[in-house]
Amino acid sequence: MPETDYPDDRPPRNRNDYLQQTHWPLNGLVFLLPLLVFYHVGLLWCGQQAMYTLLAETHLSWLLQFFIGTTTPYLPAAAVVAVLLVQHAARKDPWRFRPGVLIGMVGESAVWMMPLLALALLVNKMDLAALAAPDVSVVGTSMQRVLLAVGAGIYEEFIFRLLFIGLAVLLLVNIFNLRKEPVALAAVVVSGVCFSLYHCSAGQLSNELPFPWFEFVFRAGAGVYLGLVYLYRGFAIAVGAHAAWDIYVFLFAA
């Protein structure tokens, strides 16, 4: 298994290799900063009240408030930045980035979105709009939908991939000395299932509404797939692929 973003005491191999540099948290941060700025500035420009509330950002804010005791509107964004900086320092990666690597990461984000699109088109009976996290009909403009897609890509990947898989490996590998590869792959599967359940409504989970098995299976598979992208290609590329998929769904299939 290649070097990954999850905690590891070993320095990454082939530090100057593009395939390894996409895992550097600093490169991921440089890649994500424009997306974070675009999302939060866009919320101010569109008016937060007019936007669909992004649950991942809201729940992350609640979690941070529980541990820190206070919250601010930009605390989730600060948490993403802080975690990546701490992770980069812990990995002892070089404090530099190359523009060519970032360009490659943008291209990879589009490429790794394609299997999700191909699967969705293969089963053409699927209602793609139903696969979107929220009811996108409540989001009026194309700009608002793009903002929502970018925010979902950042914060859902942060919760379900970077934190979930990273903490699972930290606890089970570094503390309980279990083998990394099976732990990481098991965490990918569990995080994918949790990711899919997260997108179900309370009524669907309580059997008040029919459970959307088709959408659930697709989202679980998508979550596992994005988890593998995270492991093998890095956190930022997983965010980019997720955001690109949501943009496609929100703009062209909603």
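Note: the structure precedes this text.
Let me begin by describing the structure that accompanies this report. (Residues numbered from 1 in each chain as written. Predicted model: local features only at pLDDT ≥ 70, side-chain atom pairs only at ≥ 80, totals over all residues. Heavy atoms only, no water.)

**Looking at the pattern of salt bridges**
To keep things clear, this is the line we draw: A side-chain nitrogen of Lys or Arg and a carboxyl oxygen of Asp or Glu constitute a salt bridge if their distance falls within 4 Å. Each helix is a run of H or I in the DSSP string that is no shorter than four residues. Each strand is a run of E no shorter than two, and both are numbered from the N terminus. Only protein chains enter the accessibility calculation, which uses a 1.4 Å probe. A residue is then buried if its area is under 20% of the maximum for its type, exposed if over 50%, and partly exposed in between.
Across all of its chains, the model carries three salt bridges by this definition. Here R233 makes a salt bridge to E108, at a shortest N to O gap of 2.7 Å. Here E108 lies in helix α5 (residues 99-122) and R233 lies in helix α9 (residues 213-233), a separation of 125 residues in the sequence. Pair check on accessibility: R233 and E108 agree, each one buried. In this structure, the salt-bridge partner of R161 is E157, at a minimum N-O distance of 2.6 Å. Here R161 and its partner E157 are both found in helix α6 (residues 142-175), four residues apart, which amounts to about one turn of the helix. Of the two residues, R161 and E157, both sit in the buried class.

**A short note on the side chain of Q204**
Just so we agree on the cut-off: The contact criterion used is simple: two residues touch if any of their non-hydrogen atoms lie within 4.5 Å.
Note on placement: Q204 falls in helix α8 (residues 202-205). Its relative accessible area of 19% is what places Q204 among the buried residues. Once you skip the residues sitting within four places of it in the chain, Q204 turns out to touch L209, P210, F211 and P212.

**Focus: helix α2 (residues 25-46)**
For the record, the criterion: What a helix is expected to span follows from its residue count: subtract one and scale by 1.5 Å. The seven residues ending at a residue and the seven starting there each receive a fitted axis; the angle between those axes is the bend at that residue.
Spanning 22 residues, α2 covers 30 Å between terminal C-alpha atoms, matching the ideal 32 Å at 1.5 Å per step. By the largest-angle criterion, L32 marks the main kink of α2, which is about 35°, and a proline, P34, follows within four residues. Just past α2, the residue G47 takes up positive phi, approximately 95°.

**Topic: the packing of α6 against α9**
This is how the line gets drawn: To obtain an axis, a line is fitted to C-alpha atoms, over the contacting stretch when the element is a helix, and the angle between two such axes runs from 0 to 180 degrees between their N-to-C directions. Here is the rule for handedness: rotate from the far helix to the near one, and if that takes an anticlockwise turn smaller than a right angle the crossing is left-handed, while a clockwise turn gives right-handed. Charged means Asp, Glu, Lys or Arg here, nonpolar means Ala, Val, Leu, Ile, Met, Phe, Trp, Tyr, Cys or Pro, and polar covers whatever is left, Gly included.
Two numbers describe how α6 lies on α9: the axes approach to 11 Å, and their chain directions differ by 65°. Of the two elements, α6 crosses α9, and the hand of that crossing is right-handed. Packed against α6, whose contacting residues are E157, R161, L162, I165 and G166, the element α9 presents G223, L226, G227, Y230 and L231 at the interface. Of the residues belonging to the contact of α6 with α9, the class tally is five nonpolar, three polar and two charged.

**Observations concerning the nonpolar core**
Our working rule: Working definition of a nonpolar core: buried Ala, Val, Leu, Ile, Met, Phe, Trp, Tyr and Cys residues. They are joined through side-chain atoms within 4.5 Å.
Ranked by internal contacts, the top residues of the largest apolar core, which has 57 residues, are Y155, F235 and W245. With 14 residues, α6 is the single largest residue contributor to this core.

**Things to note about the packing of helix α3 (residues 55-68) against helix α4 (residues 75-91)**
The test is simple: For this classification, under 35 degrees means roughly parallel, over 145 means roughly antiparallel, 65 to 115 means roughly perpendicular, and everything else is oblique.
The geometry of α3 relative to α4 is characterised by a closest axis approach of 9 Å and an angle of 80° between their N-to-C directions. Accordingly, the angle class assigned to the pair α3 and α4 is roughly perpendicular. In contact with E57, L60, S61, L64 and I68 of α3, α4 contributes L75, P76 and A79. Classifying every residue of the contact of α3 with α4 gives six nonpolar, one polar and one charged.

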